[in-house]
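The lines below spell out each chain.
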Amino acid sequence: MLTEQNAGCFRVLVCVSGGGTNLQAILDAKAAGRLENAEIVRVISNKAGAFALERASKAGIEGVCVSPKDFPDRAAFHSAFLAAVDEAKPDLIVLAGFLVVLPEEMISRYRNRIINIHPSLIPSFCGTGYYGLKVHEAVLARGAKITGATVHFVDEGTDTGPIIMQKAVVVQEKDTPEVLQRRVMEEAEWILLPQVIELIAAGRVKVEDGRVSVM
Ligand code: GAR
């Protein structure tokens, strides 16, 4: 909620498209007393009825839906989306399973203040067309033995921004895409994302020449 009380804290906006288990990991970390100086001020979904919005509402956080279906064209959607982002006055924008290509204006306005979680070890199995279950299908089809997750800053490319943190996960012989997806979430994504937000909120993440160092 955008209130006077949280006006002075580190403001985190989370963008989601689906189930929101990564959002839940952030909410759980906050409820457990972590993310001390950070406040989740708003959740934006591009899909009406996304379960992530319910998770936000249960946690008492304002959920906003900005769906492209409600606008005549991409430009109108982008400007409404950007308005909803700006209104939250975010210090950090977290793409937690947000499957929308961001307007370029937003990327330059929030340079090094937008992070994304991707379910593979970038630069493997990333880029256009690699999202959600498709990533794990590709990992299994290639016979990779190790996969994982990556949190990175967002730049103009697809999954090309500076890498902040990665965690490896072992692929098992009998994995299906669904089983592997779940293991990558449990062993990597849900751990990495709150941890990176904590580090950024504490001012411990620095980007220089496209490379990240954690202090
Ligand atoms: C997560 O696995 C996330 O890494 C992935 O979508 C899933 C969303 O799940 N994101 C991408 O593939 C982005 N390229 P969630 O809604 O349960 O957090």
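About the cut-offs
Residues numbered from 1 in each chain as written. Predicted model: local features only at pLDDT ≥ 70, side-chain atom pairs only at ≥ 80, totals over all residues. Heavy atoms only, no water. Axes fitted to C-alpha atoms, helices over the stretch in contact; angles between N-to-C directions. Helix = DSSP H or I, 4+ residues; strand = E, 2+ residues; numbered from the N terminus. Parallel < 35°, antiparallel > 145°, perpendicular 65-115°, else oblique. Left-handed = near helix turned anticlockwise from the far one by under 90°. Contact = heavy atoms within 4.5 Å. Nonpolar A, V, L, I, M, F, W, Y, C, P; charged D, E, K, R; others polar. Buried < 20%, exposed > 50% of the residue type's maximum accessible area, 1.4 Å probe, protein only. Pairing = 2+ DSSP bridges. 1 Å grid on protein atoms, 1.4 Å probe; cavity = no way out; pocket = protein on both sides within 12 Å on 5 of 7 lines; lining within 4 Å. Points joined across faces, edges and corners; volume = space filled by probe spheres on them.

Caption draft 1: Representation of the packing of helix α1 (residues 21-31) against helix α2 (residues 51-58) within the structure. Relative orientation of the contacting elements α1 and α2 amounts to 15 degrees, with a least axis distance of 9 Å. The orientation of α1 with respect to α2, classified from their angle, is roughly parallel. As α1 packs across α2, the resulting crossing turns out to be right-handed. Where α1 abuts α2, its residues Thr21, Leu23, Gln24 and Leu27 lie against Ala52, Arg55 and Ala56. For the contact of α1 with α2, the per-class residue count stands at 4 nonpolar, 2 polar and 1 charged.

Caption draft 2: Local environment of the pairing of strand β6 (residues 146-153). Within β6, 7 of the 8 residues are buried, which leaves it mostly tucked inside the rest of the structure. With 4 bridges joining them, strand β5 (residues 114-118) and β6 adopt antiparallel strand pairing. Bridge pairing in β6 links Asn116 to His152. Relative to strand β7 (residues 163-170), β6 runs antiparallel, the two sharing 7 bridges. Each bridged residue has a counterpart across the sheet, and for Thr150 the counterpart in β7 is Gln166.

Caption draft 3: Region of interest: the sheet that holds strand β1 (residues 10-16). Spatially, 7 strands are ordered β3-β2-β1-β4-β5-β6-β7 in an open sheet, and the strand pairing comes out mixed. Bordering the open sheet on either side are β3 (63-65) and β7, each of which pairs with just one other strand. Taking each pair of neighbouring strands and ignoring which way they run, the sheet shows an average axis angle of 20 degrees. As judged from the 7 bridges shared by β1 and strand β2 (residues 38-45), these two strands associate in the parallel manner.

Caption draft 4: Representation of the layout of surface pockets within the structure. Roughly 890 Å³ of internal volume is contained in the largest pocket. Surrounding the largest pocket, 39 residues form its lining, Gly97, Phe98, Leu99, Asn116 and Tyr131 being those nearest its centre. Elements that contribute at least two residues to the lining of the largest pocket include exactly α1, α4 (104-109), β5 and α6 (177-201). Split into classes, the residues belonging to the lining of the largest pocket amount to 14 nonpolar, 18 polar and 7 charged.

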